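Structural description and commentary
Here is how the chains run, residue by residue.
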Amino acid sequence: MLKHFLRLKQGYFILLMQTIIALFAYSFVPLFLNGKGYSFFFLVFLSTIVTAIAVLIIPLFQRFYLKKFLLLGFGCFMMMALVFLFYQGSYSYYLYVLFQGLTFVFFWIPINYLFFRTSRSETNATDSSFYMTIGVFLGIIIPPLGALVIKFGSYQWLFGLVLLFYLVPLFFVWKNVPEEVQEVHFGESVRSFKGLKSITFCEGSLQFLGGVVIPVYTLLFIKAELSYALFLSYVAIVGAIVGFTLSQHSDKSGSRRIYLFPL
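Okay, so let's go over this structure.

The rules behind each value
Residues numbered from 1 in each chain as written. Predicted model: local features only at pLDDT ≥ 70, side-chain atom pairs only at ≥ 80, totals over all residues. Heavy atoms only, no water. Helix = DSSP H or I, 4+ residues; strand = E, 2+ residues; numbered from the N terminus. Contact = heavy atoms within 4.5 Å. Salt bridge = Lys/Arg side-chain N within 4 Å of Asp/Glu carboxyl O. Buried < 20%, exposed > 50% of the residue type's maximum accessible area, 1.4 Å probe, protein only. Expected span 1.5 Å × (residues − 1). Arc of directions from axis to C-beta. Axes fitted to C-alpha atoms, helices over the stretch in contact; angles between N-to-C directions. Parallel < 35°, antiparallel > 145°, perpendicular 65-115°, else oblique. Left-handed = near helix turned anticlockwise from the far one by under 90°. Nonpolar A, V, L, I, M, F, W, Y, C, P; charged D, E, K, R; others polar. Patch = residues over 30% accessible without salt bridge, like charges linked within 9 Å, V, L, I, M, F, W, Y side chains within 5 Å. Areas by Shrake-Rupley, 256 points an atom, 1.4 Å probe, with all protein chains shown as cover. Phe/Tyr/Trp six-rings, centres within 6.5 Å; stacked < 30°, edge-to-face > 60°. Polar contact = N/O pair within 3.5 Å; in protein donor to acceptor, adjacent residues only side chain to side chain.

1. Considering the overall build of the chain
Check the secondary structure of the chain and you find 12 helices and 2 strands. Along the chain direction, N to C, the helices and strands of the chain fall in the order α-α-α-β-α-α-α-α-α-β-α-α-α-α. Once local pairs closer than 6 in sequence are excluded, the contacts in the chain between residues at least 24 apart make up 84%.

2. Side note on the pattern of salt bridges
Scanning all chains against the criterion turns up 2 salt bridges. The partner of glutamate 183 in a salt bridge is arginine 63, with the nearest N and O atoms 2.8 Å apart. Of this pair, glutamate 183 sits in strand β2 (residues 181-183) while arginine 63 sits in strand β1 (residues 63-65); the two residues are 120 residues apart in sequence, bridging distant segments of the chain. Glutamate 183 sits in the partly exposed class, given a relative accessible area of 45%. Put simply, lysine 68 and glutamate 179 hold a salt bridge, and the shortest N to O gap is 3.4 Å. Linking lysine 68 in helix α4 (residues 66-85) with glutamate 179 in the loop between α8 (167-176) and β2, this pair joins segments that are 111 residues apart in sequence.

3. Overview of helix α3 (residues 40-57)
Helix length check: α3 (18 residues) gives 27 Å between terminal C-alpha atoms against 26 Å at 1.5 Å per residue, within 8%. Listing the buried residues of α3 in full gives Leu43, Leu46, Ser47, Val50, Ile53, Ala54 and Ile57. Summarising the axial view, the buried residues of α3 lie within an arc of 110°, below the 170-degree limit, and thus occupy one face. Of the residues in α3, the exposed ones pointing more than 90 degrees away from the buried face are Phe41, Val55 and Leu56. Buried residues along α3 sit in contact with α2 (29-35), α5 (90-116) and α10 (197-218).

4. Remarks on the packing of α4 against α5
Contact geometry of α4 with α5 gives a least axis separation of 8 Å together with a crossing angle of 155°. In terms of their interaxial angle, α4 and α5 are classed as roughly antiparallel. Classified by chirality, the crossing of α5 by α4 is left-handed. Within the contact of α4 with α5, the residues separate by chemical class into 24 nonpolar, 4 polar and no charged.

5. Some points on a nonpolar patch on the surface
Together, Tyr234, Val235, Ile237, Val238, Ile241 and Val242 give the surface a local cluster of nonpolar side chains, amounting to about 540 Å² of exposed area. Its relative accessible area of 53% is what places tyrosine 234 among the exposed residues.

6. Some points on the packing of α3 against α10
Close contact between α3 and α10 brings their axes to 9 Å; oriented N to C, the two are set at 160°. With respect to α10, the axis of α3 lies roughly antiparallel. For the pair α3 and α10, the sense of crossing is right-handed. Contacts between α3 and α10 involve Phe40, Leu43, Val44, Ser47 and Thr48 on the former and, on the latter, Phe208, Val212, Val213 and Val216. Tallied by class, residues from the contact of α3 with α10 come to 7 nonpolar, 2 polar and no charged.

7. So, the packing of aromatic side chains
Inspection of the entire model under this criterion finds 30 aromatic pairs. Considering the side-chain rings of tyrosine 38 and tyrosine 93, the 5.8 Å spacing of their centres and the 35° angle between planes classify their relative orientation as tilted. Here tyrosine 38 is found in the loop between α2 and α3, whereas its partner tyrosine 93 is found in helix α5, with 55 residues between them in sequence. For the pair tyrosine 38 and tyrosine 93, one class covers both residues: buried. Feature note: the residues Tyr26, Phe32, Tyr38, Phe42, Phe84, Tyr87, Tyr93, Tyr96, Tyr155 and Phe159 constitute an aromatic cluster, connected by ring pairs.

8. A few points about the environment of serine 92
Secondary-structure assignment places serine 92 in helix α5. Those residues in contact with serine 92, other than ones at most four positions away along the chain, are Val83, Phe84, Phe86 and Tyr87.

9. Digging into the side chain of glutamate 180
Assignment of secondary structure puts glutamate 180 in the loop between α8 and β2. In terms of polar contacts, glutamate 180 uses its side chain to reach the side chain of tyrosine 113, at 2.5 Å. In this view, glutamate 180 contacts Phe64, Tyr65, Leu66, Tyr113 and Arg117; residues no more than four positions away in its chain are not counted.

10. As for the side chain of serine 27
Here serine 27 shows up in the loop between α1 (2-25) and α2. Take serine 27: its relative accessible area is 13%, and that puts it in the buried class. What serine 27 contacts, discounting residues up to four positions off in sequence, is Ala22, Pro143, Tyr228 and Leu232.

In structure tokens, the structure reads:
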């Protein structure tokens with residue numbers, strides 16, 4: 001595990017900082033908006049706009065400036081917090097969705113490249129488990145901390161603190177990530193993604209179910225911030241156990257499909 005960490009450390013630290021801050025505040029966005037009167041269907045539907053924005057703008061970029069884009073990505077995350085700090089009705093949510101869509105280009109593509117550029121076929125599953133379970137492990141402890149801020153302060157306190165917290169990863173990227181440009185041709189990339197397009201499509205659909213539909217559905221039963229956070233922690237514990245167990249067995253056996261099909 002230490003060997004994997006040392007090889008992935010720069011991308012790991014950046015992803016770690018983003019995950020901590022996002023779980024601290026953005027876990028409560030469905031609860032916050034539902035409290036403002038938005039219906040469950042509306043919350044799910046507008047979340048699809050986020051992916052639609054990403055689908056439309058990703059093909060427009062042929063050069064990715066690693067350092068600049070990561071800084072812009074964290075800037076978009078800060079703007080997401082800012083629009084809720086100064087909430088102005090539906091305008092705030094549409095701006096939130098826009099900035100979240102932009103993070104796919106300015107943060108998630110560069111961080112994926114930075115995280116996985118040293119990965120090999122023999123370590124792909126374990127490296128991926130590090131990538132996925134960062135949020136899972138942190139999801140056990142971070143959401144309850146955010147819930148306590150809301151309980152003893154307010155949502156404005158929560159989103160205000162987020163703006164301050166994001167100064168840390170901004171400084172880290174500015175000081176530690178080198179200037180690097182990667183040429184990307186969207187059409188060629190899609191064609192070279194042979195054998196993984198269908199399964200990635202299915203995984204993305206299921207990720208939307210787990211990341212959007214289930215948290216919104218949970219609001220039918222849980223209304224209090226602390227109870228909502230503790231439920232997220234429970235889900236994270238189960239995910240951590242399953243994720244690391246399967247990834248370790250997958251790398252040792254060299255088999256992938258036997259684990260993918262049942263899931």
